[in-house]
Protein chains: 2
Amino acid sequence: MKGLVRGERSRRVLEAVILEYIKGGVPVGSRAIAKKYGLSVSPATIRNVMADLEELGLLYQPHTSAGRVPTELGLRVYIDAILKIQQLSIADREQIRRSYQGGASRLEGLLQETSKVLSSFSKQAGVVLTPRLSHTVFKRIEFVRLRASMVMTILVSQAGIVHNTVFEIKEDISQEELDKYGRYLNDMLQDLALHQVKARLLEEMQKEKVLFDRLLSKALELSQKALQENIENSELYIGGRTNLLDNPEFADVEQMRRIFNAFEEKSKIIDLLDKSMSAGGVNIFIGSESELLDMESVSFITSPYASGDEVLGTLGVIGPTRMDYSRIIPLVDYTAKLLSKMLEETF
Amino acid sequence: MKGLVRGERSRRVLEAVILEYIKGGVPVGSRAIAKKYGLSVSPATIRNVMADLEELGLLYQPHTSAGRVPTELGLRVYIDAILKIQQLSIADREQIRRSYQGGASRLEGLLQETSKVLSSFSKQAGVVLTPRLSHTVFKRIEFVRLRASMVMTILVSQAGIVHNTVFEIKEDISQEELDKYGRYLNDMLQDLALHQVKARLLEEMQKEKVLFDRLLSKALELSQKALQENIENSELYIGGRTNLLDNPEFADVEQMRRIFNAFEEKSKIIDLLDKSMSAGGVNIFIGSESELLDMESVSFITSPYASGDEVLGTLGVIGPTRMDYSRIIPLVDYTAKLLSKMLEETF
DNA sequence: TTTTAGCACTCGCCTCTGTCGAGTGCTAGG
DNA sequence: CCTAGCACTCGACAGAGGCGAGTGCTAAAA
């Protein structure tokens with residue numbers, strides 16, 4: 001990839017076009033570059049270089065006699081080969097840390113706050129994917145009798161995620177008995193990952209069938225029901241949607257509608273974030289790379305977050321392809337690390 | 001208010017203008033009304049009537065030689081005095097009930113689904129305000145030791161609302177001991193409203209101070225901490241935001257931004273819904289009546305929902321003032337009642 | 001007194017036109 | 001290999017003019 005742009009000068013021109021385009025959002029011409037980027041060559045020369053870059057597919061002209069705009073490939077090359085990612089300034093870090101002041105006492109609150117931090121520092125939309133229950137470690141199960149034959153199950157994971165389900169049972173069970181079930185299960189399931197819990201329960205049910213122990217089989221049945229629920233699902237917090245309205249490329253209502261539809265639908269975005277969960281470090285999807293159809297002019301910058309060794313979810317920033325990558329990449333990186341640290345300390 | 005529009009004909013003209021305006025979204029002229037609404041008078045007569053209505057402040061002209069548009073007051077008069085609210089058709093009801101099929105096993109899911117139902121049937125945005133914890137009846141409290149000196153409190157209300165908080169304590173407490181606290185508190189607080197729970201706890205703490213019972217005073221202290229959390233807060237589910245983009249009056253990006261900002265901010269909308277919680281039945285706020293500044297062209301139609309006698313929250317539809325009130329008012333009404341019924345059955 | 005027909009007038013919307021300026025590609029000369 | 005010069009292209013913008021919907025007013029009819 002790096003070989004695509006051979007000369008030092010080509011690189012500098014590409015960089016200049018991209019920086020200028022990110023700043024202004026309009027096609028950039030040869031003159032502007034010659035002037036502002038101290039390359040001390042004439043516009044005509046720049047034009048020749050730009051023509052070369054266009055042939056390589058890194059730039060393109062919206063129409064004859066307009067300036068150049070970077071293509072997705074151009075941005076990709078820029079990010080991979082030219083952009084030097086510097087650290088976030090001390091002041092920025094300080095300010096981000098301060099946004100969290102007060103400390104969150106609920107996981108939901110912490111994650112939601114994170115989406116706001118991401119959005120307000122990037123001036124784009126911030127997203128945070130919540131942990132999947134099934135990937136976390138079992139901590140506790142609890143049954144509450146809401147009323148006759150209605151039982152609520154509360155499931156708590158090691159990481160402090162709480163999930164509850166309500167269901168109907170055939171016969172009424174007293175709260176005392178439910179408490180017994182709970183104690184039994186809590187002993188049995190300690191320290192298993194939740195997706196293991198499911199298997200373990202089935203296994204135990206086989207055993208109990210033979211023993212005909214009513215209490216235990218009942219307990220197993222109940223918890224079985226609770227887990228039938230989709231513990232595979234993640235939620236998605238989105239902050240700063242309206243920031244996107246400020247981007248001139250989305251002045252077009254059609255574009256906007258597509259993005260807001262994706263926000264409403266969520267599933268597509270969740271899939272994407274899910275994919276980038278396994279890959280460590282910062283991930284960047286430019287335009288159509290995200291494979292969210294109809295989302296050509298949108299980029300994602302994501303990073304997974306964790307608690308201890310357990311990768312819990314992904315967070316990131318969504319914005320136009322014309323985004324200030326040099327600022328937002330370190331932002332996402334730092335925020336993911338900070339969140340991980342906070343989760344580890346609290347949960 | 002009714003006296004404002006004296007003649008039968010005036011009323012019919014006002015109605016015609018509003019219906020036509022709701023349908024088309026553009027100012028309506030005298031000719032269209034004379035033709036379509038079978039008043040069997042000439043456009044010129046209609047014009048005279050319209051001039052009268054304008055003088056009363058029920059209609060206005062965006063500019064000379066444009067048709068008329070209803071004012072907020074006009075809509076208000078129409079809704080209060082002219083509109084006959086009919087029932088939702090059997091087919092519609094059936095379809096709404098069917099949207100809920102599968103039954104919700106979690107309160108959150110049920111409420112979120114409701115916001116979607118409201119939006120898809122109204123073609124506008126649907127909102128549902130979640131119950132406030134403090135207004136519900138205590139059912140159960142549970143402490144979970146996450147790790148050394150980190151405790152999670154889980155609070156369950158009679159209506160099936162679950163709230164959890166994590167906090168740090170000075171000294172480590174074993175899970176067994178925490179369970180004891182739980183049992184003690186569950187006995188003591190049974191059937192109290194949550195806002196009473198707070199008072200009761202303080203009261204008990206006074207007593208225990210004298211008795212120096214370590215276990216009890218510790219339990220009280222913990223639950224006290226859990227309740228310091230904002231159990232006053234409500235969440236807001238919003239469905240179908242993007243439907244609003246289809247309304248031509250919001251083609252203007254500025255307008256749109258204001259509304260989406262309010263969605264993001266949420267607090268203003270929560271306040272409004274909160275207000276209309278105490279008032280029974282369907283509430284309608286037209287344009288500036290909602291007192292959400294910068295929201296002139298937006299109307300709210302809301303209705304509280306309950307479980308048994310306990311009013312839990314509010315739901316409603318947000319759309320342009322130019323909304324199909326005759327359809328949406330019964331929709332909101334029916335949905336609120338249906339939700340109430342479902343809550344009562346499940347929780 | 002109320003309703004209607006006729007008419008002149010207003011104003012937003014659309015299209016057409018011409019001008020301006022930014023930016024290009026090409027060529028010839030340094 | 002770089003640069004200056006030049007003709008050309010194309011979008012953005014502003015102004016002119018025509019169209020059509022809709023009005024208010026007046027005078028006559030019911």
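Figured I'd write up the structure that's included with this text.

The rules we used
- Residues numbered from 1 in each chain as written.
- Chains lettered and ligands numbered in written order.
- Predicted model: local features only at pLDDT ≥ 70, side-chain atom pairs only at ≥ 80, totals over all residues.
- Heavy atoms only, no water.
- Helix = DSSP H or I, 4+ residues; strand = E, 2+ residues; numbered from the N terminus.
- Rg over C-alpha atoms; globule rule 2.2 N^0.38 Å.
- Buried < 20%, exposed > 50% of the residue type's maximum accessible area, 1.4 Å probe, protein only.
- Areas by Shrake-Rupley, 256 points an atom, 1.4 Å probe, with all protein chains shown as cover.
- Lys, Arg positive; Asp, Glu negative; His and termini not counted.
- Charge placed at Lys NZ, Arg CZ, Asp CG, Glu CD.
- Patch = residues over 30% accessible without salt bridge, like charges linked within 9 Å, V, L, I, M, F, W, Y side chains within 5 Å.
- Salt bridge = Lys/Arg side-chain N within 4 Å of Asp/Glu carboxyl O.
- Polar contact = N/O pair within 3.5 Å; in protein donor to acceptor, adjacent residues only side chain to side chain.
- Contact = heavy atoms within 4.5 Å.
- Buried area = accessible area lost by both parts, 1.4 Å probe.
- Nonpolar A, V, L, I, M, F, W, Y, C, P; charged D, E, K, R; others polar.
- Least-squares fit on C-alpha atoms with pLDDT ≥ 70 in both.

### Some details on the overall build of chain A
Logical step 1: Summing up its helical and strand segments, chain A has twelve helices and ten strands in all.
Logical step 2: Here the C-alpha atoms of chain A give a radius of gyration of 26 Å, more than 25% beyond the 20 Å that 2.2 N^0.38 yields for 347 residues.
Logical step 3: Its C-alpha atoms put chain A at 90 × 40 × 35 Å along the principal axes.
Logical step 4: Across the 347 residues that make up chain A, the buried fraction comes to 54%.
Logical step 5: Of the roughly 15,700 Å² of accessible surface on chain A, a fraction of 49% belongs to carbon and sulfur atoms.
Logical step 6: For chain A, the distance from the average position of its 44 positive side-chain charges to the average position of its 47 negative side-chain charges is 6 Å.

### Observations regarding a positive patch on the surface
Logical step 1: Taken together, A:Lys180, A:Arg183, B:Lys180 and B:Arg183 make up a surface patch of like positive charges.
Logical step 2: The set of elements that each furnish at least two residues to the positive patch consists of α7 (175–189) of chain A together with α7 (175–189) of chain B.
Logical step 3: By secondary structure assignment, the location of A:Lys180 is in helix α7.

### Concerning the side chain of B:Glu142
Logical step 1: Of note, B:Glu142 is situated in strand β4 (residues 138–147).
Logical step 2: Judged by relative accessible area, B:Glu142 falls into the buried class, the value being 9%.
Logical step 3: Of note is the side chain of B:Glu142, whose polar atom sits 3.1 Å from the side chain of B:Arg140.
Logical step 4: Among all residues touching B:Glu142, those that are not within four sequence positions of it are A:Arg140, A:Glu142, B:Met152, B:Thr153, B:Ile154 and B:Asp179.

### Considerations on the pattern of salt bridges
In a structure, side chains of opposite charge can pair up when their charged atoms sit close to one another.
Logical step 1: Scanning all chains against the criterion turns up 38 salt bridges over all chains.
Logical step 2: A salt bridge links B:Arg257 to A:Asp246; the shortest N-O distance between them is 2.3 Å. Pair noted here: B:Arg257 is in helix α10 (residues 253–265) and A:Asp246 is in the loop between β7 (236–239) and α10 (253–265), and the two residues belong to different chains.
Logical step 3: Exposure remark for A:Asp246: the relative accessible area of 48% places this residue in the partly exposed category.
Logical step 4: Two residues, B:Glu142 and B:Arg140, come together in a salt bridge whose shortest N-O distance is 3.1 Å.

### Here's the deal with the interface of chain A and chain B
Logical step 1: Counting residues at the interface gives 43 residues for chain A, matched by 43 residues for chain B.
Logical step 2: Buried area between chain A and chain B, both sides added, is near 3,800 Å², and the carbon and sulfur share of it is 51%.
Logical step 3: Summed over the shared surface of chain A and chain B, the result is six salt bridges.
Logical step 4: B:Arg140 is the salt-bridge partner of A:Asp179, the closest N and O atoms lying 3.0 Å from each other.
Logical step 5: Run the count over chain A and chain B and you get 21 residue pairs in polar contact (both at pLDDT 80 or more).
Logical step 6: Those elements that provide at least two residues to the side of chain A that touches chain B are β4 (138–147), β5 (150–157), β6 (162–168), α7, α10 and α12 (325–346) of chain A.
Logical step 7: Here the side of chain A that touches chain B gets eight residues from one element, more than from any other, and that element is β4(A).
Logical step 8: When its residues are assigned to classes, the side of chain A that touches chain B shows 14 nonpolar, 13 polar and 16 charged.

### Thoughts on helix α4 (residues 72–82) of chain A
Logical step 1: Those residues of α4(A) not exposed but buried are A:Gly74, A:Leu75, A:Arg76, A:Val77, A:Tyr78, A:Ile79 and A:Ile82.
Logical step 2: Considering only its buried residues, α4(A) is in contact with α1 (8–24), β2 (69–70), β8 (283–285) and α12 of chain A.

### Details of the relation of the copies chain A and chain B
Logical step 1: Mapping chain A onto chain B calls for a rotation angle of 180° and an axial translation of 0.0 Å; the resulting RMSD is 0.1 Å. Look at the turn and shift together and you get a two-fold axis relating the two.
Logical step 2: An overlap of 100% is found between the interface residues of chain A and their copies at the interface of chain B, pointing to a shared contact surface.

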